[in-house]
Amino acid sequence: MDTCLDCKRVTETVIDIRTGDTICTECSLVISDHYIDDSQEWRTFANDDNSDRDPNRVGAPTNPLLKSGGICTIIDKSTTSKNNDLIVTRTQNLVIRNSEEDMIVKACKEIKRMTDGLNLVSGVEFRACEIISKFNGDNNMRLSRRKHLTAVCAAAVSRACREMNLSRTLKEISTVAHGVSLKDINKASMAIRRLLESDQAETASSSPCATPPQVIIKTRELVRRFCSKLDITERETKAIREAVEIADNFDIRRNPKSVLATIIFMISQLSKTKRNPIRDIAMATEVVENTIKSSAKDMYPYASKIIPKWYASEEEVKRLGGIIGSWDAARV
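As recorded in an unreviewed UniProt entry, the protein chain goes by TFIIB-type domain-containing protein and comes from Eruca vesicaria subsp. sativa.

Along its length, the protein chain carries 13 helices and five strands. Classification of the 332 residues of the protein chain by burial places 36% in the buried group. Of the contacts made within the protein chain by residues no fewer than 6 positions apart, 59% connect residues no fewer than 24 positions apart. Accessible surface computed for the protein chain: about 21,100 Å², of which carbon and sulfur atoms make up 51%.

In a beta sheet, neighbouring strands pair by backbone hydrogen bonds and run either parallel or antiparallel. Read across the sheet, three strands follow the order 3-4-5 without closing on themselves; strand pairing throughout is antiparallel. Strands at the two margins of the open sheet, each flanked by one partner only, are strand 3 (13–16) and strand 5 (30–32). Along the sheet, successive strands turn relative to each other by an average axial angle of 40°, direction set aside. In the sheet, strand 3 pairs with strand 4 (residues 21–24) via four bridges, with the strands oriented antiparallel. Across the sheet, residue Thr 13 finds its bridge partner in strand 4, namely Cys 24.

One pass over the full model with this rule turns up two aromatic pairs. For the ring pair Phe 250 and Tyr 302, a centre distance of 5.2 Å and an interplane angle of 45° mean the geometry is tilted. Note that Phe 250 is positioned in the loop between helix 8 (234–247) and helix 9 (256–269) and Tyr 302 in the loop between helix 11 (289–299) and helix 12 (303–306), a separation of 52 residues in sequence. Among the residues examined, Phe 250 registers a relative accessible area of 24% and is labelled partly exposed.

The turn linking strand 3 back onto strand 4 is made up of four residues, and Gly 20 within it adopts a positive phi angle of 80°. Relative to strand 5, strand 4 is paired through two bridges, and the arrangement is antiparallel. Pairing of Ile 23 across the sheet is with Val 30, part of strand 5. Where strand 4 hands over to strand 5, the hairpin turn is made up of five residues, of which Ser 28 adopts a positive phi near 65°.

Counting 38 residues, the largest nonpolar core has Ile 240, Leu 260, Ile 263, Ile 264, Ile 292 and Ile 307 as the members making the most contacts within it. Sorting the residues of this core by element identifies helix 7 (220–229), helix 8, helix 9, helix 10 (278–285), helix 11, helix 12 and helix 13 (314–331) as the ones contributing at least two each. No other element matches the eight residues that helix 9 contributes to this core. Ranked by size, the runner-up nonpolar core spans 35 residues in total, among them Val 124, Cys 129, Ala 151 and Ile 185.

Here we come to the pattern of salt bridges. For the coordinates displayed, the defined rule picks out 15 salt bridges. One salt bridge in this structure joins Arg 159 and Glu 163, with 3.2 Å as the shortest N-O distance. Pair noted here: Arg 159 and Glu 163 are both in helix 4 (residues 147–163), with a separation of four residues, about one helical turn. Pair check on accessibility: Arg 159 and Glu 163 agree, each one buried. In this structure, the salt-bridge partner of Arg 254 is Asp 298, at a minimum N-O distance of 2.7 Å.

Quick notes on the rules
Residues numbered from 1 in each chain as written. Predicted model: local features only at pLDDT ≥ 70, side-chain atom pairs only at ≥ 80, totals over all residues. Heavy atoms only, no water. Helix = DSSP H or I, 4+ residues; strand = E, 2+ residues; numbered from the N terminus. Buried < 20%, exposed > 50% of the residue type's maximum accessible area, 1.4 Å probe, protein only. Contact = heavy atoms within 4.5 Å. Areas by Shrake-Rupley, 256 points an atom, 1.4 Å probe, with all protein chains shown as cover. Pairing = 2+ DSSP bridges. Axes fitted to C-alpha atoms, helices over the stretch in contact; angles between N-to-C directions. Phe/Tyr/Trp six-rings, centres within 6.5 Å; stacked < 30°, edge-to-face > 60°. Core = buried A, V, L, I, M, F, W, Y, C linked by side-chain atoms within 4.5 Å. Salt bridge = Lys/Arg side-chain N within 4 Å of Asp/Glu carboxyl O.

Right, dumping it as structure tokens:
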């Protein structure tokens with residue numbers, strides 16, 4: 001329905017799809033022209049011989065992580081002669097294609113593979129891709145192929161997990177980073193940290209109130225996951241969680257994961273239902289057995305204060321001293 005100027009009232013109208021004209025059904029007046037149909041186009045534009053593998057008229061959606069938006073022009077070599085193939089290829093590579101953005105797209109695909117393998121939420125994938133996109137245009141930090149690219153992707157996933165308070169260790173992430181060692185991932189993590197720090201410095205200079213996010217993994221975030229791996233009961237899990245919080249008040253100069261593994265070992269040895277062997281605890285927490293033993297020697301003087309009173313009495317805690325002492329006896 002539209003208002004016709006000749007009929008001077010609202011009349012029914014029809015649209016001529018071929019010409020794009022809006023026509024009054026009563027007096028045939030062309031009310032408007034060049035009508036644009038914004039509905040979905042179901043037609044295809046394949047070649048007559050069906051040689052076109054991609055019959056879609058439009059390409060993929062724009063990518064906000066790329067400076068060009070992911071929009072590019074590709075020269076079809078089939079429309080050129082054989083003599084001009086070399087010129088077309090050279091023009092495609094030097095003028096149109098952006099090798100740096102191609103590497104970022106490849107890195108995003110690698111990140112998706114890693115996050116899917118670790119069953120991480122989609123937010124981690126987007127944040128990791130966002131970190132990778134910051135390499136675009138940075139002359140000092142460019143993505144390279146193969147080993148370096150995989151290491152940077154793994155480091156970006158680790159950083160994204162920390163920013164979203166998801167406890168995933170580098171050793172866990174390295175299981176999906178094929179052909180890359182922990183040393184390579186650590187180097188890539190340092191490069192990403194420098195890149196983000198420089199970016200945060202620029203943001204802080206423009207906005208003094210901006211503060212960088214806290215990305216330190218808290219030990220208590222790992223408690224639930226490690227206890228689940230060891231099939232520890234809810235009572236022991238609660239005791240471990242409280243012991244970890246109390247241990248933060250003491251000057252224990254050990255890695256947080258080593259402290260957690262040692263507390264799990266102590267609580268497990270005092271359990272009245274199930275005692276997990278130190279080998280299983282080492283595998284679940286990704287801490288070497290000897291490290292747990294040496295940490296237990298350092299933490300035993302604080303054991304009576306760290307372990308909750310409702311879980312074990314001081315007499316029961318003293319039994320840990322006999323277990324720790326047996327290690328030295330066995331070594332002799």
